[in-house]
Structure formats: structure tokens, C-alpha cells
Amino acid sequence: MPPTLASLVHHSALKLTVRAGEERLDVPVRWAHVSELADPVPYMEGGELLLITALTLDAEDPEAMLRYVKRLVGAGVVGLGFAVGVNYDDIPKALVDAAEQEGLPLLEVPRRTPFLAISKAVSAAIAADQYRAVTAGFAAQRELTRQTLSSGPEGLLAALAAQVDGWAALYDASGAVVATAPEWALRRAARLTADVERLRERPAPASSVVGGPGNEDRVELHSLGTGRRPRAALAVGTAAALGTAERYAVHSAIALLTLTTERSRSLHAAEQRVGAAVLRMLLAGEPDHARAVAGDLYGGLLDAPFRVIVAESASASAALARTHSDPAASVAAVKPSAAALVAAEAGGDPLGGLAETAESAAARAGEAVLVVPDGERLVVLAVDGGAAVAACGEYATALEAARAAGTREQTSGGEEDELVVGLSAPAGPIAAGAAYKQAEQALSVARRRGRVFVEHEQLAAGSVVPLLADDAVKAFADGLLRPLHEHDATGRGDLVASLRAWLSRHGQWDAAAADLGVHRHTLRYRMRRVEEILGRSLDDPDVRMELWLALKATAAPEPAPPRP
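The rules behind the values
Going along each chain's sequence as written, the residues are numbered from 1 onward. Given that the model is predicted, a residue must reach a pLDDT of at least 70 before its local features are reported, and side-chain atom pairs must reach 80 or more before they are shown or counted; all residues, however, enter totals for whole chains, interfaces and linings. Here the side-chain values reflect all heavy atoms present in the structure, with hydrogen atoms and water set aside. Note on geometry: axes are lines fitted to C-alpha atoms, helical ones only across the stretch in contact, with angles between N-to-C directions running from 0 to 180 degrees. Only runs of H or I of at least four residues qualify as helices and only runs of E of at least two qualify as strands under DSSP, and these elements are numbered from the N terminus. Orientation is classified from the angle alone, with under 35 degrees giving roughly parallel, over 145 giving roughly antiparallel, 65 to 115 giving roughly perpendicular, and any other angle giving oblique. Should the near helix be turned counterclockwise from the far one by less than a right angle, the crossing is left-handed, whereas a clockwise turn marks it as right-handed. Contact criterion: two residues are considered in contact whenever any of their non-hydrogen atoms come within 4.5 Å of each other. Throughout, the ten residues Ala, Val, Leu, Ile, Met, Phe, Trp, Tyr, Cys and Pro are labelled nonpolar, Asp, Glu, Lys and Arg are labelled charged, and all others, Gly among them, are labelled polar. Put simply, a salt bridge is a Lys or Arg side-chain nitrogen that is within 4 Å of an Asp or Glu carboxyl oxygen. The cut-offs for exposure are 20% and 50% of the maximum accessible area for each residue type, with area from a 1.4 Å probe on protein chains only; residues under the lower value are buried, those over the upper are exposed, and the others partly exposed. Strands were regarded as paired on the criterion that DSSP finds at least two bridges between them. By convention, a stacked pair of Phe, Tyr or Trp rings (six-membered ring in the case of Trp) has centres within 6.5 Å and planes under 30 degrees apart, an edge-to-face pair has planes over 60 apart, and any other such pair is tilted. By nonpolar core is meant a set of buried Ala, Val, Leu, Ile, Met, Phe, Trp, Tyr and Cys residues that side-chain atoms within 4.5 Å join together.

S.K.: Explanation requested: the packing of helix 18 (residues 495-504) against helix 19 (residues 509-516) in the structure shown.
M.R.: Angle between the axes and distance between the axes: these two values describe a pair of packed helices. Their axes nearest at 8 Å, the elements helix 18 and helix 19 cross at an angle of 135°. As far as their axial angle goes, helix 19 and helix 18 are oblique. Both helix 18 and helix 19 take part in a crossing whose hand is right-handed. Across the interface between the two elements, A497, S498, A501 and W502 of helix 18 pack against W509, A512 and L516 of helix 19. For the contact of helix 18 with helix 19, the per-class residue count stands at six nonpolar, one polar and no charged.

Below, the structure is given as C-alpha cells:
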């Protein structure tokens, strides 16, 4: 700890005597300063031991000394050293009384003790304290490094908590608590999630100091990562402000955790290349080769059923000219170096946010996940029923709810920040290609329905009719049925209604005629007119299918049943 007045008084070589303020000798001394000015306050910073001989002071005037001492106390001077045997043989009573009244420690400096000796003693003590702090900091760094190598982030947090005599917590990119030390700090750390989220909005590196929950402690928050957006955050809770040694320990922990959570770009790019290769082989129907390449990095993902997620930005969805008929060829175009920046530098991009969400959830659950950006698309392979799939669904659902509530901010381009996501059914490595197609189909349906997230399993459970709401389908249906509507507009028969009834009864003349309230011969005549006007044969099942879908696409929506 830094030198105090008490340590200077007990310094055997200085021979200092306490004449006033004995109860305040434990205060730290930042420096020893000599000044004979009548008012040295403008040159004080606080924490000094002021050394004087009273060369310019009327030290025997009680009022002058009281004003002088009050000024010193107000400036933060922690002690006053008076050299006897120079201008005064003893410390004047007026100065002693003023110091006693204001509680300012007053030290008698014997003539044989030069002020320089006191300054050297203070300087040496400060240097020794700083050396001890640096030495302790290096020792803490070694211990933190050892714990990181042997026990990972959990071991580092435990060592850091012991070093600062408090607690420490690690948060992931989403603001969720990953680990704490000691374990009892979990609840405290969880209450700071909102503060961590605010810290993530600031460019890295960033830090802030917040009061602990219920003012229990002082908490420092530090972002971790080298990109524009932090990959994680560290919280350190202590009862008081950190000292020099503790500060060294915290800085060491930040560096080690950054190395742990923010792997080098080259390593991340290499993993992305491996992931892209694995996915490409799976989609090409080569699961054995994919498993061999995956190794320990992604091999566990191929040992259990997985889901394929395909996500697209709205701008990519609008560019339908881009084809994905050959998924293996599509994945071959991946640029892993750009993929390495997706999660850390998403910058508000929903695709980057989805990738970050999947990776964070998988990391917390200890799952393997394969995330491959593909231009305007993102392809994810995640364990069926795992945390990554659930987190992606929650992310998309939250976006959809926000869009429905009208709370999402739109870019100048309209919907450029929107997201559409398709999720396949569970599959294994052999069926990866089919799962990819399922995810693409779900993505297409999500795009057509104006949804953010659609599972492939929902397609079979619903109806094909909502798919007919596409503008292109409606235009085709209007064009196909226009001649019949024009005929009916002349009042020469109700061909459209007759066609609908006949198709709905699967070509049964009597049943359809009964529905229309006409004779079956009348209905036969109307169907011949339909064939003549359209130039198509109703005996062709494809024609009947197209006409039925056209009728469904142009049908007015049925009114909702009245509420009870």
C-alpha cells in the first residue's frame, strides 16, 4: 500500500514528532512538497504532505494560522511538516491550535532532518508500492494464464475473483451469462444483462462502471473482442475501487478472454473453409467424405439427426433471378474470409444476427453447429431439438412479432433489413441434400406468405390454397378465366359458377346440376361452351386442375364466422 503519515512517523531515520492530528495518521501520502508561499493552495492537487519553515508566515497570529490551515484542509493537504530550529525554535502555539481545531496532522521536523530526506522517503515508498503492485500484477497474470490453459474461462474467472477479492462473470455476445465465479454471483450477474446489452452497442473496446444490484458492490463491465461489435463481456464486482495490482489482473483477464473468445481471423477462416467443404460434400451426396473432413470439429454434428436452416435477406428474396437449383454449386461460391466477420461485425444485419444467435446458443449448450454464409444467404446445420435451432426460431419469431407490431426500423430501401428463414425436417447425413431442398421450399413459402420463419413440416399440415395468393398466380388465373367472365357479363349464362360446381363435384353431372338448380343437359351445354371459349378440353386432367386452381385463386375470401 502507499506510504502514510504513520509510516513516515515510524521511519527511524526521519525522527518526526506528531504535534497535532494524531488520530488521522493512517491517511495515504501522494507526495511531499516544499512551499514557503503564504497561500500554496493553487499549486496543490490533494494528498500532499506540505513541508514549511514559516519563512513568510506570521505563525504566531492565531487568526492568520486558522485561515492558513483551513485553506490547506480544503485543498486536500493530508499533513503539515514544520521544520524547527530554522525560523522558529519550536512550532508556534497558534499553528498547533489551528491544526488541532481543523484536524490536520502536524509533524515536527528536527533541524538535522532535511526536507529532501522526507521527499526521498515518500518517493521510495511510492516506488516500492508500485513495484509490489507490478510484481503482484505479473504474478496474477501468470496465474490467470495457467488457469486459462488448464481450466478454460471458468478457471480464469475463479482466479480473477480471488485476485480482486470479489466476483467475476463472463457474458456471451447475446448478453447471456456464460459462467461466474464464485457460483453465488450468478444472480447478481444475471441482473446486469441490460447493462451488458447497452455496452454491446458501443464500439469495442468499451467499458463502464455500474452500481451493483441493490448497491451491493461496484461492478466494472468490459467488452471483449477486436471487431466493431463485441463477442463477449466481462463483469468484475468488488466492494471498492480496484487497486493497481487488481487493475493489472483485470487487464490480463481481458486479454486472455479476448484470445479465448475471439479466435484469430486465420483460424476462424480455416474453420469456415472446413465447414463449407463439409456442407458441400453433404449436399453432393458424399456423407462419408464429409464425415472424414469434419473430424472433431463438426463430426459430432453428423452423428445425430440435424436440421438445415436457410435464411435470406429481403433484398436477396427480391432477386429471384438468382438460382439455387444446384445447392452444392451454390455452397462452392462461399467466401470464408467474409464469413469470419459475420457474427462479430453484423452491424445490424439480420443475417449476421441470426448467425451470431446460432453460434452463441450452440456454444452455451456445448453443441456443434455449422454456419456457412453464402452471399445473400446463410446456411446453418444444427442439432435437431438443440439450443441452436430453438434460438434461431426464437430470433425469427421475435423479428416477425416486431414487424407485425410495426416497431422495426426500416432502412431507406424499405425492407432491406428484413429476413426470411426456412427450416427443414430432421435428417441425417445421407439425406442432407433433401433437407436443404426442404429448407429452400420452406423459405420460398415464407417469402410468398410474407412470413419471417416457416418450418417444412408446417407445409404438409396446412393447405396449398394460401400459396395461390402470389400476384403471378392471380394474374395467370385472371387471364385464364377472363373470357368466361366476359361471356357471363353479357347475361348469356353463368359459365363460371357452372364450371366451379362441376369441378367441385368431380364431373358428376346430376350432382352438379342439382347444386345449380338446372337440368343436367343445360349443364352439359354450358361445359361445351366453356371448352369452345377457352379452346381446351375438360377431359384433360391438367386443364381441370388449372381451372380449379384458377377459380380458387380468384375466389373472394370467405367471411369469418361470427363470434359467439
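Picking up after the structure, the text goes on.
S.K.: Just checking my understanding: could you explain the pattern of salt bridges for this structure?
M.R.: Where charged atoms from two side chains of opposite charge come close, those side chains can pair. Under the counting rule described, the total for this entry stands at 21 salt bridges. Here R218 ties to E220 by a salt bridge, and the two come within 2.9 Å at their closest N and O atoms. The closest approach of N and O atoms between R529 and E532, which form a salt bridge, is 2.7 Å. Note that R529 and E532 are positioned in helix 20 (residues 520-534) at a spacing of three residues, about one turn of the helix. With relative accessibility at 22%, the residue R529 sits in the partly exposed group.

S.K.: Before we go on, may I ask you to explain the environment of D26 in this structure?
M.R.: Along the polypeptide, D26 turns up in the loop between strand 1 (17-20) and strand 2 (31-34). A relative accessible area of 60% places D26 in the exposed class.

S.K.: Help me understand the sheet that holds strand 13 (residues 377-383) in this model?
M.R.: Strand pairing in a sheet takes place through backbone hydrogen bonds and is either antiparallel or parallel in direction. Pairing within the open sheet is mixed, and its five strands lie in the order 12-13-11-14-15. Each of the sheet's edge strands pairs with one partner strand only, and the pair in question is strand 12 (369-374) and strand 15 (453-455). Across this sheet, the average inter-strand angle for adjacent strands is 15°, counted without regard to direction. Looking at chain direction, strand 12 and strand 13 are connected through six bridges and run antiparallel. Bridge pairing in strand 13 links V369 to A382.

S.K.: How should the packing of aromatic side chains be read in this particular structure?
M.R.: Any two aromatic rings considered together are summarised by their centre-to-centre distance and by the angle between their planes. Enumeration over the complete set of coordinates arrives at two aromatic pairs. Their ring planes at 40° and their centres at 5.4 Å tell us that W502 and W509 sit as a pair that is tilted. Looking at W509, the relative accessible area reads 21%, which means it is partly exposed.

S.K.: Honestly, the nonpolar core in this entry has me stumped. Any pointers?
M.R.: Generally speaking, a soluble globular protein has its nonpolar side chains buried in company with each other. In this structure, M65, Y68, L80, F82 and L106 are the most contacted members of the largest nonpolar core, which totals 27 residues. Elements represented by at least two residues in this core include exactly strand 3 (48-52), helix 2 (62-74), strand 4 (79-83) and helix 3 (93-102). Dropping the residues within four chain positions of it, F82 is found in contact with I52, T53, A54, Y88, D90, I91, P92, L95, L106, L107, E108 and V109. Of all hydrophobic cores here, the second largest spans 24 residues; its members include L279, L282, A435 and L443.

S.K.: What's the story with unusual backbone geometry in this structure? I'm lost.
M.R.: With the exception of glycine, the majority of residues adopt a negative phi angle, and the majority of peptide bonds are in the trans configuration. Here the amide bond leading from A181 into P182 is cis, since omega sits at -10°, within 30 degrees of zero. If you trace the backbone, P182 turns up in the loop between strand 7 (177-181) and helix 5 (186-190). Of note, the phi angle at A54 is positive, near 65°, even though the residue is not glycine. Counting through the fold element by element, A54 comes out in the loop between strand 3 and helix 2.

Geometric descriptors of this kind do not, in isolation, establish any biological role.
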